[in-house]
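Residue-level structure breakdown
These are the residues of each chain, in order.
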Amino acid sequence: MEERIKVEITNGVADVRLVRSDKMNALDPAMFAALVETGEKLKTTAGLRAIVLSGEGRAFCAGLDMSNFGKMASGERKAGESSAGGSLVTPNRTAGGSNHAQHAVMVWREQPVPVIGAIHGVAFGGGFQLAIAPDIRIVAPDTKMAVMEIKWGLVPDMAGMVLMKGMIRDDIARELTYTGRIFDGEEAGRIGVATKVTADPLAEALKLANEIAGKSPTAIRAAKRLFELQAHATQHALLEAESVEQTALISSPNQVEAVMSNMQKRAAVYAD
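Procedures and definitions
- Residues numbered from 1 in each chain as written.
- Predicted model: local features only at pLDDT ≥ 70, side-chain atom pairs only at ≥ 80, totals over all residues.
- Heavy atoms only, no water.
- Helix = DSSP H or I, 4+ residues; strand = E, 2+ residues; numbered from the N terminus.
- Rg over C-alpha atoms; globule rule 2.2 N^0.38 Å.
- Buried < 20%, exposed > 50% of the residue type's maximum accessible area, 1.4 Å probe, protein only.
- Contact = heavy atoms within 4.5 Å.
- Axes fitted to C-alpha atoms, helices over the stretch in contact; angles between N-to-C directions.
- Parallel < 35°, antiparallel > 145°, perpendicular 65-115°, else oblique.
- Left-handed = near helix turned anticlockwise from the far one by under 90°.
- Salt bridge = Lys/Arg side-chain N within 4 Å of Asp/Glu carboxyl O.
- Pairing = 2+ DSSP bridges.
- Phe/Tyr/Trp six-rings, centres within 6.5 Å; stacked < 30°, edge-to-face > 60°.
- Core = buried A, V, L, I, M, F, W, Y, C linked by side-chain atoms within 4.5 Å.
- Polar contact = N/O pair within 3.5 Å; in protein donor to acceptor, adjacent residues only side chain to side chain.
- Patch = residues over 30% accessible without salt bridge, like charges linked within 9 Å, V, L, I, M, F, W, Y side chains within 5 Å.
- Areas by Shrake-Rupley, 256 points an atom, 1.4 Å probe, with all protein chains shown as cover.

Notes on the overall build of the protein
- Looking only at helices and strands, one finds 11 helices and 9 strands in the protein.
- A compact globule built from 272 residues should have a C-alpha radius of gyration of about 19 Å, and the protein, at 19 Å, falls within 12% of that.
- With respect to the principal axes defined by its C-alpha atoms, the protein has extents near 65 × 40 × 35 Å.
- Expressed as a percentage of its 272 residues, the buried residues of the protein come to 46%.
- The long-range fraction of contacts in the protein, counting pairs at least 24 apart against all pairs at least 6 apart in sequence, stands at 68%.

Considerations on the packing of helix α1 (residues 29–43) against helix α3 (residues 100–109)
- It is at 8 Å that the axes of α1 and α3 come closest, and there the two elements cross at 40 degrees. Relative to α3, α1 is oriented oblique. Of the two elements, α1 crosses α3, and the hand of that crossing is left-handed. On the side of α1, the interface is formed by F32, A33, L35, V36, T38, G39, E40, L42 and K43, while α3 contributes H100, A101, H103, A104, V107 and W108.

Considering the pattern of salt bridges
- A complete count under the given rule lists 17 salt bridges for this structure.
- A salt bridge links E56 to R17, with the shortest nitrogen-to-oxygen separation between them at 4.0 Å. A residue pair is termed long-range when its members are at least 10 positions apart, and E56 in the loop between β3 (50–55) and α2 (67–74) and R17 in strand β2 (residues 13–18) qualify at 39 residues.
- As a salt-bridge pair, E245 and R225 come within 2.8 Å of each other at their nearest N and O atoms.

Quick notes on the sheet that holds strand β5 (residues 122–124)
- Sheet architecture is open: 3 strands sit in the order β5-β7-β8, paired in mixed fashion. At either end of the open sheet lies a strand with only one pairing partner, and these are β5 and β8 (183–184).
- Across 2 bridges, strand β7 (residues 144–146) lies against β8 in antiparallel orientation. What sits directly across from M145, in β8, is F183.

So, the packing of aromatic side chains
- Per the stated rule, a full pass over the model turns up 1 aromatic pair.
- Relative to F183, the ring of F128 has its centre 6.1 Å away and its plane inclined at 80 degrees; by these criteria the two rings are edge-to-face. Taken as a pair, F128 in helix α4 (residues 126–131) and F183 in strand β8 lie far apart in primary sequence, 55 residues in all.
- Look at F128 and you get buried, because its relative accessible area is 1%.

Points about the nonpolar core
- L35, I51, W108, F128, M145 and V193 are the most contacted members of the largest nonpolar core, which has 49 residues in total.
- Setting aside residues up to four positions removed in sequence, W108 forms contacts with V16, L35, T38, G39, L42, I51, L53, V115, L130, A133 and K224.

Brief notes about α3
- A large share of α3 lies buried, amounting to 9 of its 10 residues.
- Among the residues making up α3, those that are buried are A101, Q102, H103, A104, V105, M106, V107, W108 and R109.
- Its side-chain oxygen placed 3.2 Å from the backbone nitrogen of A101, N99 serves as the N-cap of α3.

Section: a nonpolar patch on the surface
- On the surface, V256, V259, M260 and M263 cluster together into a nonpolar patch covering about 350 Å² of accessible area.
- Along the chain, the position of M263 falls in helix α11 (residues 253–263).
- A relative accessible area of 63% places M263 in the exposed class.

Printed below as a string of structure tokens:
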């Protein structure tokens, strides 16, 4: 796994980096496996409060390894065979409905703590879908991004349709998908892909992650659960969920500490 992804955890912040820099962090079976394994492990890591996802070298992620397209052209890769291994239409899906390749992306949206993406260089195709999985996306202005699958006669199939919904205006998402055109970080900011555009996205992402890590972890996790519910819940269910989460938080140890630390004008000390 360390040949594809490295993780360092400091003060509750996991710094997760794709490290296949010689291939611009392209997605091969080993990278898919590492993304899933790392993401699943972080879901249950004690004391974790925020995650920063980035890529080392010249790019965040260039998309599928080019060897995949050679296999498609030669017929070596059969219809329905996933680039991540196994079948695209496998019945062995996650509780959320993902196959293995989709899970490599969705596992980052499913984290119980906030995930911040630091995006630079390129994020094409599968790399773009991975880039939009984090809760918050900080992008360098000269980053090149594309929903590139149409170039190869394909459609986004690594959760791109799920993640673009509500993030990008429907007609813009369609135009990007139908054309596969490349757009930069500045445009990403204008259309909603980038939360913030800055020259040093990794530094900004780590700074933000540490700020989040200083807040009540129980309240942050509750807020994330509500945001995830917001995407598909009815108004009634969401209003009820707000009340349930708030009831659990009021007078809990971390909520009392939040109040006391503010009143006493000191740094809070929260329990995980």
